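# Observations on the model geometry
Listed below, chain by chain, are the residues.
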Amino acid sequence: MTIPLAHFAPSAGGPALPQERRLVTAIPGPRSQELAARAAAAIAKPVTSTTMPVFAAAAGGGVLVDVDGNSFIDFGCGIAVTTVGNAAPAVVAAVQAQAASFTHTSFATTPYPGYIEVAERLAALTPGDFPKRSLLINSGAEAVENAVKIARRYTGRQAIVVFDHAFHGRTNLTMGMTAKSMPYKSGFGPFAPEIYRAPMSYPYRDGLDGPAAAARTISQIEAQVGGANVAAIVIEPIQGEGGFVVPAPGFLPALAAWCRDNGAVFVADEIQSGIARTGDMFACEHEGVVPDLVTVAKGLAGGLPLSGVTGRAEIMDAIHPGGLGGTYGGNPIACAAALAALDTIEREGLLERARQIGAILSERLTALRAADPRVGDVRGRGAMQAIELVKPGGIAPDPATTLAVADKARHEGLIVLNCGTYGNVLRLLPPLSISDALLHEGLDVLAGALAATR
Ligand SMILES: *Cc1c(COP(=O)(O)O)cnc(C)c1O
């Protein structure tokens, strides 16, 4: 049976969705259950959602409304994508206008201005006062793949250094770069060669300050890979799927300096942490780190698929003509959406808003930790924060409690995502369009779910 959904969809510029948490059926409701049955019959089991048991009908501001009319507070942002808000009015208008003009030409065959404008904006926004060039593609994994291609071609070297807990994607090369076996890699090998994993700075678990963690990591790279063989170090300035691990201060600058001294390319994978999420445009700015290449995706285009590699002109331009590209890369509708999203960040002061959200999150989460010995760590910056759940009295991960808390919160009307190598991290990624009232209410739901899972 087909479910008519049109009456849920807010029209652009039409009435905004009521900004409230509202449960009108059991979760999942009857329409979601019906869709789940159809999904089970039509969609490959491994891509079926194991997060929310409901199906989306509309989203905006700080809420997502399901097909039964339940309204959830959104702390997930479609995995850190709808940073400027879902169906953000400026993004919707830009997408509609571009789609009505032309939907695709392929930049390599017939270029168009939107691609150039996005590249100009990325050059201005990324750290570093030097000539830059950009490449636009479609997904995060594709951006990371291209950064590796570029670094190898530029340096004439092969080794790529990545880190414990890293997540860089699900294509063959990026699977090899990703740390966690289940569910990302298990059974999918063989993986690409010349990928070397080094220790990440993880203050909560290794107790090392930044310089000490960097010394350990660098000595391992020099001993096991050799400085002269390293094409690139690829690192998330704040790790995403791996557990929102924030390296100790000094770790990133030391690695960037090591790359400079050793002729290696320093690549910041800002796919999750970038585009205003942390209260800076890019998370690496917090410590004044200037990467050679930056990868962006998720928050870039307000929900449309677009990714990019931006970096030093001499590195990007070292590739032979035609050596980079792709049929859909830098799609004109996605570029229009990105320009509108970047305008929205500027016009609405969303960097400042991310910092305000960050202050509320860290105050409330720190209070949770003080009251509950299972909350071992609170970390992150801006609108990218997490709690790590452990067995009281130590730091042994507690993935079972983490899942139970997330499940409880979801059934109470809060979209919250888990992550972490040990599956024991709850990450909060609210849209920057959320109200303070909804943010607090979502945190109340999370606190209630923790209390109920004791
Ligand atoms: C999500 C993510 C990727 C992969 O992006 P996809 O669009 O899913 O391919 C790569 N790196 C980081 C840091 C990410 O968070």
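Report on the accompanying structure. None of the values given here were measured: they were computed from a predicted structure.

On to the sheet that holds strand S5 (residues 159-163), then. Across a sheet, strands are paired by hydrogen bonds formed along the backbone, either parallel or antiparallel in direction. Taken together, the 7 strands give an open sheet; going across it, the order is S4-S10-S9-S8-S7-S5-S6, and neighbouring strands pair in mixed fashion. Only two strands of the sheet have a single partner each, and these edge strands are strand S4 (132-137) and strand S6 (195-198). Across the sheet, the mean angle from the axis of one strand to that of its neighbour is 20°, orientation sign disregarded. As judged from the 3 bridges shared by strand S8 (residues 265-269) and strand S9 (residues 293-296), these two strands associate in the parallel manner. Each bridged residue has a counterpart across the sheet, and for Asp-269 the counterpart in S9 is Thr-295.

Before going further, it helps to examine the sheet that holds strand S1 (residues 56-60). Taken in spatial order, the 4 strands make up an open sheet running S1-S2-S3-S13, and their pairing is mixed. Of all strands in the sheet, those bounded by a partner on one side alone are S1 and strand S13 (414-415). Bridging between S1 and strand S2 (residues 63-66) involves 4 bridges; their strand directions are antiparallel. Looking at the pairing, Ala-59 lines up with Leu-64 of S2.

Evaluation of the coordinates by the stated rule reveals 18 salt bridges. Glu-241 is paired through a salt bridge with Arg-427; the nearest N and O atoms lie 2.8 Å apart. Taken together, the residues Glu-241 in the loop between strand S7 (230-235) and helix H9 (251-262) and Arg-427 in strand S15 (residues 425-428) connect sequence positions 186 residues apart. Arg-427 carries the same exposure label as Glu-241, and that label is buried. For Arg-369, the salt bridge identified is with Asp-377, shortest N-O distance 4.0 Å. Connected through shared salt-bridge partners, Arg-205, Arg-369, Asp-377, Arg-379 and Glu-388 make up one network.

Another aspect to go through is the packing of helix H3 (residues 89-101) against helix H11 (residues 332-347). For the pair H3 and H11, the least separation of the axes is 8 Å and the interaxial angle reads 155°. The angle between H3 and H11 falls in the class roughly antiparallel. When the axes of H3 and H11 are compared, the crossing they make is right-handed. Along the contact surface, H3 presents Ala-90, Val-91, Ala-94, Val-95, Gln-98 and Ala-99, while H11 presents Pro-332, Ile-333, Ala-336, Ala-337, Ala-340, Ala-341, Thr-344 and Arg-347. The class makeup of the residues in the contact of H3 with H11 is 11 nonpolar, 2 polar and 1 charged.

Here we come to the side chain of Thr-174. Position of Thr-174 among the secondary structure elements: in helix H6 (residues 172-177). Non-local contacts of Thr-174, meaning those with residues more than four positions away in its chain, are made with Ala-141, Val-144, Glu-145, His-168 and Gly-169.

As a further point, take the pairing of strand S12 (residues 384-389). Extensive coverage of S12 is indicated by the burial of 6 of its 6 residues. Burial along S12 is two-sided: Met-384, Ala-386 and Glu-388 facing one way and Gln-385, Ile-387 and Leu-389 facing the other are all buried. Two strands pair when backbone bridges link them, and strand S11 (residues 375-381) and S12 are joined in this way by 6 bridges, in the antiparallel orientation. Note on S12: the bridge partner recorded for Arg-379 is Ala-386. Counting the residues between successive antiparallel strands, the hairpin from S11 to S12 contains 2 residues, one of them, Gly-382, with a positive phi of roughly 55°. Bridging between S12 and S15 involves 4 bridges; their strand directions are antiparallel. Bridge assignment links Ile-387 to a residue of S15, and that residue is Leu-426.

Scoring rules and cut-offs
- Residues numbered from 1 in each chain as written.
- Predicted model: local features only at pLDDT ≥ 70, side-chain atom pairs only at ≥ 80, totals over all residues.
- Heavy atoms only, no water.
- Pairing = 2+ DSSP bridges.
- Helix = DSSP H or I, 4+ residues; strand = E, 2+ residues; numbered from the N terminus.
- Axes fitted to C-alpha atoms, helices over the stretch in contact; angles between N-to-C directions.
- Salt bridge = Lys/Arg side-chain N within 4 Å of Asp/Glu carboxyl O.
- Buried < 20%, exposed > 50% of the residue type's maximum accessible area, 1.4 Å probe, protein only.
- Parallel < 35°, antiparallel > 145°, perpendicular 65-115°, else oblique.
- Left-handed = near helix turned anticlockwise from the far one by under 90°.
- Contact = heavy atoms within 4.5 Å.
- Nonpolar A, V, L, I, M, F, W, Y, C, P; charged D, E, K, R; others polar.

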